[in-house]
Amino acid sequence: MKRSPFARRRLLAAGLAASGLLGAGLLWARQRSPAAAAALPVDDFCVLAPPLAYEPSSGLGLLQARPIPADARCPVCGMFPARAPEWAAQLIFSDGATQFFDSPVSMLIYLQDVGRYARGRSVTEVAARYVRDAGGNRAQPGAWLDAGQAVFVSGSDALGPMRAGNLPAFADRAAALAFAQRRGGQAMRLAEVPRSLLKQLDPRAHLGH
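Note that the structure is a prediction, hence the values are computed from the model and not measured.

Calculation notes
- Residues numbered from 1 in each chain as written.
- Predicted model: local features only at pLDDT ≥ 70, side-chain atom pairs only at ≥ 80, totals over all residues.
- Heavy atoms only, no water.
- Helix = DSSP H or I, 4+ residues; strand = E, 2+ residues; numbered from the N terminus.
- Buried < 20%, exposed > 50% of the residue type's maximum accessible area, 1.4 Å probe, protein only.
- Contact = heavy atoms within 4.5 Å.
- Areas by Shrake-Rupley, 256 points an atom, 1.4 Å probe, with all protein chains shown as cover.
- Pairing = 2+ DSSP bridges.
- Axes fitted to C-alpha atoms, helices over the stretch in contact; angles between N-to-C directions.
- Phe/Tyr/Trp six-rings, centres within 6.5 Å; stacked < 30°, edge-to-face > 60°.
- Lys NZ or Arg CZ within 6 Å of the ring centre and 35° of its normal.

Q: Is there a simple way to think about the overall build of the protein chain in this case?
A: Of regular secondary structure, the protein chain possesses six helices and seven strands. Going from the N terminus to the C terminus, the protein chain shows its helices and strands as α-α-β-β-α-α-β-β-β-β-α-β-α. Taking all 209 residues of the protein chain together, 41% fall into the buried category. Put simply, of all contacts in the protein chain between residues at least 6 apart along the chain, 61% involve residues at least 24 apart. Element-wise, carbon and sulfur atoms account for 56% of the exposed surface of the protein chain, whose accessible area totals about 11,700 Å².

See the structure below:
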């Protein structure tokens, strides 16, 4: 049936309105529904979580590890690191600004492209990187470790805060090997963690879990 120009314009307007509602619906689903977010492309997931400015009144040194604020969000996956402190990680920029993460994996993904997650920042500004000693638990998290000195275990049965594989960290190789003997996996230093492994463990691929 042939439609009049006026009818065609009404149909076009309705189509544009529907597409706008669909886009809004996807955005809402991404924010509210982990299952819906899982259906979106990994690179399309983005969380607004800028670094937190240094507060001299805290009494902490410029590059000293900080307590995790309850409302801090991981810029990679959107989780709240304070809810699983035994897995948390953090990095500090040279001006003292701090970025908190739900796990070592999220921090390492962030370091691959700092400018993507913190506009105007670069990896050259990162002055300190910390991960939790996996010997702790949620009630009593382990000590903060310098990520560059820590030893990680890859491939164990330890599930991170996203209920997926992660990289528990230890203060030395002996502790990491003892953990790997009990729970599987292999020990490696930060510089030995391959990009392919980070892609495999990317928490955004598990948002529906």
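Q: Please clarify how the sheet that holds strand β7 (residues 186-189) should be interpreted in this entry.
A: Strand pairing in a sheet is mediated by backbone hydrogen bonds. Such pairs are either parallel or antiparallel. The strand order across the open sheet formed by three strands is β6-β5-β7, and the pairing between neighbours is antiparallel. Every other strand in the sheet has two partners, leaving β6 (169-170) and β7 as the edge strands with one partner each. Pairing of strand β5 (residues 151-154) with β7 involves four bridges; the strand directions are antiparallel. Within β7, the residue paired with V153 across the bridge is A187. Across the face of the sheet, helix α5 (residues 173-183) comes into contact with β5, β6 and β7 while running at roughly 15° to β5.

Q: Honestly, the packing of aromatic side chains in this entry has me stumped. Any pointers?
A: How two aromatic rings sit relative to each other is given by the distance of their centres and the angle of their planes. According to the stated counting rule, one finds three aromatic pairs in the structure shown. When the ring of F101 is compared with that of Y110, the centres are 4.9 Å apart and the planes differ by 70°; the resulting orientation is edge-to-face. By relative accessible area, F101 is classed as buried at 0%. Taking relative accessible area as the criterion, Y110 reaches 0% and is therefore assigned buried. Aromatic pair F170 and F179: ring centres 4.9 Å apart, planes at 45°, arrangement tilted. F170 sits in the buried class, given a relative accessible area of 5%. Grouped by ring-pair contacts, the aromatic residues F101, Y110 and Y117 constitute a single cluster. Over the aromatic face of F93 sits the side chain of R121, whose NZ or CZ is 4.5 Å from the ring centroid. In this structure, R132 is placed above the aromatic ring of W144, and the distance from its NZ or CZ to the ring centre is 4.0 Å.

Q: Where do I start with helix α3 (residues 104-112) in this structure?
A: The buried count for α3 comes to eight of nine residues, which makes it a mostly enclosed element. The set of residues buried in α3 consists of P104, V105, S106, M107, L108, I109, Y110 and L111. In this fold, the buried residues of α3 make contact with β1 (89-93), β2 (98-101), α4 (114-117), β3 (126-132), β5 and α6 (195-201).

Q: So what exactly am I meant to see when it comes to the sheet that holds β3 here?
A: Pairing is antiparallel in the open sheet, where four strands are placed in the order β2-β1-β3-β4. Either end of the sheet is taken by a strand with one partner, and the two such strands are β2 and β4 (144-146). Sheet twist, expressed as the average angle between the axes of neighbouring strands with direction ignored, equals 25°. Two strands pair when backbone bridges link them, and β3 and β4 are joined in this way by three bridges, in the antiparallel orientation. Bridge pairing links R132 to W144 in β4. Across the sheet, α3 touches β1, β2 and β3, and the angle it forms with β1 is around 35°.

By themselves these figures say nothing about function.
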